Each structure stands twice: as C-alpha cells, then as structure tokens.
Amino acid sequence: MDAMRGAGVVVTGAGGGIGAALARRFAAEGARVVVNDLDAGKAAAVAAEIGAVAVPGDASLIVGDARDALGGVVDIYCANAGVGSPPGHELPGDDSWATAWDVNVMAHVRASRELIPGWLARGEGRFVSTVSAAGLLTMIGEPAYSVTKHGALAYAEWLSLTYRHRGLKVHAICPQGVRTDMLAATGTAGEVVLAATAIEPEAVADALFKAMAEDRFLVLPHPEVAGFHQARAADPDRWLDSMNKVQQHWEGVDGVERGRGGKDA
C-alpha cells in the first residue's frame, strides 16, 4: 500500500504474536514503526529485526514517547496489547477483572484521548483495535476476557460513528483462534473451541491490510465469524443453547463434575 510509505505507526503488544506480525507488515510496506511491549527485550528484538524503534512500557502510557520517536506525528495506532485471564469454571476474582478492564478497554481509551485531538485537527488518523471474536460472540471459560472484549468493540464502534466524518478511520480486528502464546494459555477451552481453525498471526495482518484497502470497519480473519454473529443476533436463545452444548462438552473434556461448579483450570 503506497499510503503506508513513511506513515508513523505504533503497535502495542508487539513483542510477539499478532502485534509482531502487524509491526512486520507495516514495516515491510514502508511505514516507520514503533514497537511497544511490556517486555523490553521482546520489543527491542522485533524492532531490531524490522528497522523500527522500541518503546517498551504500559501501552496506555507511551503515546507521548511514541509520538516523539516518530517525529511528532502518529498516523496509525494499533491498540493490540491485550490480556486474558486463567480459564476456568468459576468467576475470576476482582483483580483479574480489573486487569482485563484496564488493558483491554481503558488502554484504548487513554491512547485515543491523546491522539484524537491531533487527528481531528489534521482531518485524518487511523485507530486499529485488536478485539477478538470474543467481542462479537463470547468465549467459554473466560468471562473477564469476553466482557472486556465486548467493551473494546463497543468503544471502537463509538469512535467510528462519532468521528468518521472528520477523517478518523477505525478498524476492529475480530479473529478466533490465532497461534500465539495467548491461545496456548487458554488450555482445554482453547483446544475445544479454537485450536481446529487457528491461523497464523500473519493471516491477521493480511486481513487488516485488506480491510484498510477496502475501508471496512470490521476485520474478520475467520470469515465464518460473520455467520455466527448473524445467527446470534437472529435467534439469541438458539445460539446460547448451541454454546451451552460447547460448554458441556468442555466440562466433560476438562473433567469437571457437573453440579459442583468445578475449579479453575
């Protein structure tokens, strides 16, 4: 994409997985990239590989440093950093909920709060939110992740509907399983729901670039998610019944005794 050449791009959570794939793709297209990750070593390694600048730290607090590294202008911000919670059959504690809310939703809010005034003044800017199909549907065993990813999608929708006439382009990436460390951490729940159709992170980057070229908000690296989303909206009870069958299957796979709630996986 010629439009990417020279663009200033920030990718959070880019020390591996989807974030690293996005950073590599933007760099390959000629963009000037800032690689962010909480793990400074991983951020530095990816940055060195692609000729980018590493700005490690909390994704929601590095916008100023990233802007400085790019010469004062961020053209594209990829809010990719995310966190799950240990999958299990019980509700997680308050700390897990607070962390998921802070990373999966509020980091997006804080970053956009800093970026939007400049974008509106220039009449252009692009905000990319890595949401997950869990934000359109849900994920068994991961209540905090599912709820906060719904929040991330809602916030991306709000940004788009509020500012699209003023030059802001927003994209929400909603993949199902992607072969990353986060998928591995989902344990048996991920094996039951996601593993069979999991894709490589590079396929997510391909889907984003196709959506940007077509100026589409919703990015579905797994196209079948559109049908699932339509089915959920058309008949919520039927969809919930089908998902409950998946839940029951997982309980059997995970060895949980029904009627007793189980314990965290």
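Placed above this text is the structure.
In this text, all values refer to a predicted model and were calculated from it rather than measured experimentally. (Residues numbered from 1 in each chain as written. Predicted model: local features only at pLDDT ≥ 70, side-chain atom pairs only at ≥ 80, totals over all residues. Heavy atoms only, no water.)

Draft legend 1. Here's a closer look at the nonpolar core. Counting 34 residues, the largest nonpolar core has Val-10, Tyr-77, Trp-119, Phe-127 and Leu-159 as its most contacted members. Listing elements by their share of this core, those giving two or more residues are helix 3 (63-69), strand 4 (76-79), helix 4 (94-122), helix 5 (143-163) and strand 6 (168-173). (Core = buried A, V, L, I, M, F, W, Y, C linked by side-chain atoms within 4.5 Å. Buried < 20%, exposed > 50% of the residue type's maximum accessible area, 1.4 Å probe, protein only. Helix = DSSP H or I, 4+ residues; strand = E, 2+ residues; numbered from the N terminus.)

Draft legend 2. Main features of the sheet that holds strand 6. A sheet is described by the order of its strands in space; here seven strands give the open sequence 3-2-1-4-5-6-7, paired in parallel fashion. Edge strands, defined here as strands with exactly one partner in the open sheet, are strand 3 (53-54) and strand 7 (218-219). The sheet contact formed by strand 6 and strand 7 spans two bridges and is parallel. If you follow Ile-173 over to strand 7, its bridge partner there is Val-219. Running over the sheet, helix 1 (residues 17-28) touches strand 1 (8-11), strand 2 (32-35), strand 4 and strand 5 (125-130) and is turned about 170 degrees from strand 1. In the packing of helix 2 (residues 40-50) onto the sheet, the strands contacted are strand 2 and strand 3, and the crossing angle to strand 2 comes to about 165 degrees. (Pairing = 2+ DSSP bridges. Contact = heavy atoms within 4.5 Å. Axes fitted to C-alpha atoms, helices over the stretch in contact; angles between N-to-C directions.)

Draft legend 3. Layout of the packing of helix 4 against helix 5. Two numbers describe how helix 4 lies on helix 5: the axes approach to 8 Å, and their chain directions differ by 15 degrees. As far as their axial angle goes, helix 5 and helix 4 are roughly parallel. Once helix 4 is placed against helix 5, the crossing between them reads as right-handed. In contact with Ser-96, Trp-97, Ala-100, Trp-101, Asn-104, Val-105, His-108, Val-109, Ser-112, Ile-116 and Leu-120 of helix 4, helix 5 contributes Pro-143, Ala-144, Tyr-145, Val-147, Thr-148, Lys-149, Gly-151, Ala-152, Tyr-155, Leu-159 and Tyr-163. Grouping the constituent residues of the contact of helix 4 with helix 5 by class yields 15 nonpolar, six polar and one charged. (Parallel < 35°, antiparallel > 145°, perpendicular 65-115°, else oblique. Left-handed = near helix turned anticlockwise from the far one by under 90°. Nonpolar A, V, L, I, M, F, W, Y, C, P; charged D, E, K, R; others polar.)

Draft legend 4. Region of the structure containing unusual backbone geometry. For Ser-132, which is not glycine, the phi dihedral falls at a positive 110 degrees. Looking at the secondary structure, you find Ser-132 in the loop between strand 5 and helix 5. According to the relative accessible area criterion, Ser-132 is buried, its value standing at 10%. Residue Asp-215 is not a glycine yet carries a positive backbone phi of 55 degrees. The residue Asp-215 is located in the loop between helix 8 (201-214) and strand 7 in this model.

Draft legend 5. Local environment of the layout of surface pockets. Roughly 230 Å³ of volume is contained in the second largest pocket. Lining the second largest pocket are 12 residues, and of these Asp-75, Ile-76, Glu-124, Gly-125 and Arg-126 sit closest to its centre. (1 Å grid on protein atoms, 1.4 Å probe; cavity = no way out; pocket = protein on both sides within 12 Å on 5 of 7 lines; lining within 4 Å. Points joined across faces, edges and corners; volume = space filled by probe spheres on them.)

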